[in-house]
Amino acid sequence: RHPRLATNSQGLTRRDYEGVISTLCAGCGHDSVTAAIVEACFELELPAHRVAKMSGIGCSSKTTNYFLNYSHGFNSVHGRMPSVATGANLANRELTYLGVSGDGDTASIGIGQFVHAVRRRVNMLYICENNGTYGLTKGQFSATNDRASKNRKGLDTPFDSIDLCNMAIELGAGFVARSFSGDKAQLVPLIKAGIRYKGFALIDVISPCVTFNNHTTSTKSYEYVRDHNHMIGRLDLVETSAEIEADYAPGTSADVTLHDGSQMRFTKLDESYDPTNRETILPALERYRQRGEVA
Ligand code: SF4
C-alpha cells in the first residue's frame, strides 16, 4: 500500500495534512521542510483546528500555505511574526503554535522581535528556514550568511554571520536544534519534539536556495551542507527529552536508557531559566563527545 494512503488513528492520510500546491522554485529546500512538517503532524495526529500557523514575509513564509489547510493562520508583515504569535498565545494558550520564517525575516528586520519571543518563552515551535539569502528579492546576502561564503559574482560576505542557535541558547531557550532540509530522517523527529515542547523551541533548518545561493563557493549550497551535515546530538536523546518535558513536573529528573543501553539522567527545565538545570545536559553531551559519538 502506498504510504500516502496509510491512515493514522484519526482516519487521516498524509494528504489530509498537506496544503495548497507550492509555487516555490523546483528543488527549493523549503518544500522539503514542508514535507517534514506534514509527516510530523501526521505522526502526531494533530487536529488541524488546534493548530495556528504563523509566518512573516519571504519565500520561507509561504511555507505555511503548504500544510494543514484547515488550521488557523496569520501571515504577518516582515519580521513581525513573533509579536503576532505572542499576542495569539495570550488570547488562547490551548493552540499549538507553529511559526515558519526565514533568515531575513528572523535575523535582520525581525531580530528585535525574535529575541523577545525567546526571552519571554513564548510557547511555540519557531522554524527558521535558513538559506543565507533573500530569495524573494533575488539573492542578496542575509545576516546569517557566513563570512567565507561568496555570492554568484565571487564577492565575499564582508560581515560575520549571526548564529540564531547560539543566540537562542544565550537567551535561555530550552529547545534549540539545527538541521538540514535534505535530512528528513533527522528533521521529522526534531519537529515532533519541538511541537511537543512546552515553551520556546527553535529549529534552525539550513534550507538551500537553489536559485540564488547554490553555487560552489556558497556555504549554504545543497552540496556543501550535505557534505558538512554532522549530527551533534542523538535522535533518541531528542525524543526522550521531549517525553520528559511532556510527562514530568518542572525540576524533576528521570533516568533513561538510550538505545545503546547506556543510562542518562535528564532534568526537566523549569519554566523560568535555571542554569543549574541546563548544565545537566552539558556533561551528557561531553560524554557523547568522549565516546566519539558526536562531533
Ligand atoms: Fe526557494 Fe530561493 Fe526559489 Fe525562494 S528563490 S523559492 S528560497 S529556491
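Parameters at a glance
- Residues numbered from 1 in each chain as written.
- Predicted model: local features only at pLDDT ≥ 70, side-chain atom pairs only at ≥ 80, totals over all residues.
- Helix = DSSP H or I, 4+ residues; strand = E, 2+ residues; numbered from the N terminus.
- Buried ≥ 20, exposed ≤ 12 C-beta atoms within 10 Å, placed from the backbone.
- Contact = placed C-beta atoms within 7 Å.
- Pairing = 2+ DSSP bridges.
- Axes fitted to C-alpha atoms, helices over the stretch in contact; angles between N-to-C directions.
- Core = buried A, V, L, I, M, F, W, Y, C linked by C-beta atoms within 7 Å.
- UniProt positions renumbered as here; feature names shortened; annotations may be inferred.
- Near = placed C-beta within 6 Å.
- Nonpolar A, V, L, I, M, F, W, Y, C, P; charged D, E, K, R; others polar.
- Arc of directions from axis to C-beta.

All right, on to the overall build of the protein chain then. Within the protein chain one finds ten helices and ten strands. Buried positions account for 42% of the 295 residues belonging to the protein chain. Partitioning the contacts of the protein chain with sequence separation of at least 6, the portion at a separation of at least 24 is 66%.

What follows concerns the sheet that holds strand β4 (residues 124-130). An order of β2-β1-β3-β4-β8-β7 is seen for the six strands of this open sheet, with the pairing classed as parallel. Looking at which strands have only one partner, the edges of the open sheet turn out to be β2 (72-75) and β7 (175-180). Pairwise comparison of adjacent strand axes, ignoring direction, gives a mean angle of 15° for this sheet. Alignment of strand β1 (residues 51-55) against strand β3 (residues 96-102), held across five bridges, turns out to be parallel. Opposite Val 51, over in β3, you have Thr 96 as the bridge partner.

Formed by 53 residues in total, the largest nonpolar core has its most connected members in Cys 41, Ile 191, Phe 200, Leu 202 and Ile 203. At seven residues, the largest contribution of residues to this core is made by helix α1 (residues 29-44). Setting aside anything within four residues of it in sequence, one finds Ile 203 in contact with Leu 125, Ile 127, Ala 177, Ser 179, Leu 190, Ile 191 and Gly 194.

Right, let's talk about the UniProt feature "domain: Thiamine pyrophosphate enzyme TPP-binding" (unreviewed entry) in the protein chain for a bit. When the UniProt feature table is mapped to this numbering, "domain: Thiamine pyrophosphate enzyme TPP-binding" (unreviewed entry) covers residues 57-205. Along residues 57-205 one finds 30% helix and 23% strand; the C-alpha atoms at either end are 17 Å apart.

The topology assignment puts His 228 in the loop between α7 (222-227) and α8 (235-247). C-alpha of His 228 to C-alpha of Ile 191: the two residues are 37 residues apart in sequence and 21 Å apart in space.

Around the ligand, the neighbouring residues are Leu 24, Cys 25, Cys 28, His 30, Cys 59, Asn 131, Gly 135, Cys 209, Val 210, Thr 211 and Phe 212. The residue inventory of the shell around the ligand, partitioned by class, reads seven nonpolar, four polar and no charged.

Attention now moves to helix α4 (residues 111-119). Listed as buried for α4 are Gln 113, Phe 114, Ala 117 and Val 118. Down the axis of α4, the smallest arc covering the buried residues is 130°, so these residues share one side. Summarising the contacts, the buried residues of α4 are in contact with α2 (81-91), α3 (103-107), α5 (164-170) and β8 (200-206). Directly after α4, the chain includes Arg 121, whose backbone phi takes a positive value near 55°.

Let us now look at unusual backbone geometry. A negative phi holds for most residues other than glycine; trans holds for most peptide bonds. Of note in this structure, Arg 121 is not a glycine but carries a positive phi near 55°. When you line up the elements, Arg 121 lands in the loop between α4 and β4. Arg 121 sits in the partly exposed class, given 19 other C-beta atoms within 10 Å. Although it is not a glycine, Lys 138 sits at a positive phi angle of roughly 80°.

Next up on the list: the packing of α2 against α4. At a minimum axis separation of 7 Å, α2 and α4 run at an interaxial angle of 35°. Of the residues in α4, those touching α2 at Pro 82, Ser 83, Ala 85 and Thr 86 are Gln 113, Phe 114, His 116 and Ala 117. When grouped by side-chain class, the residues that make up the contact of α2 with α4 number four nonpolar, four polar and no charged.

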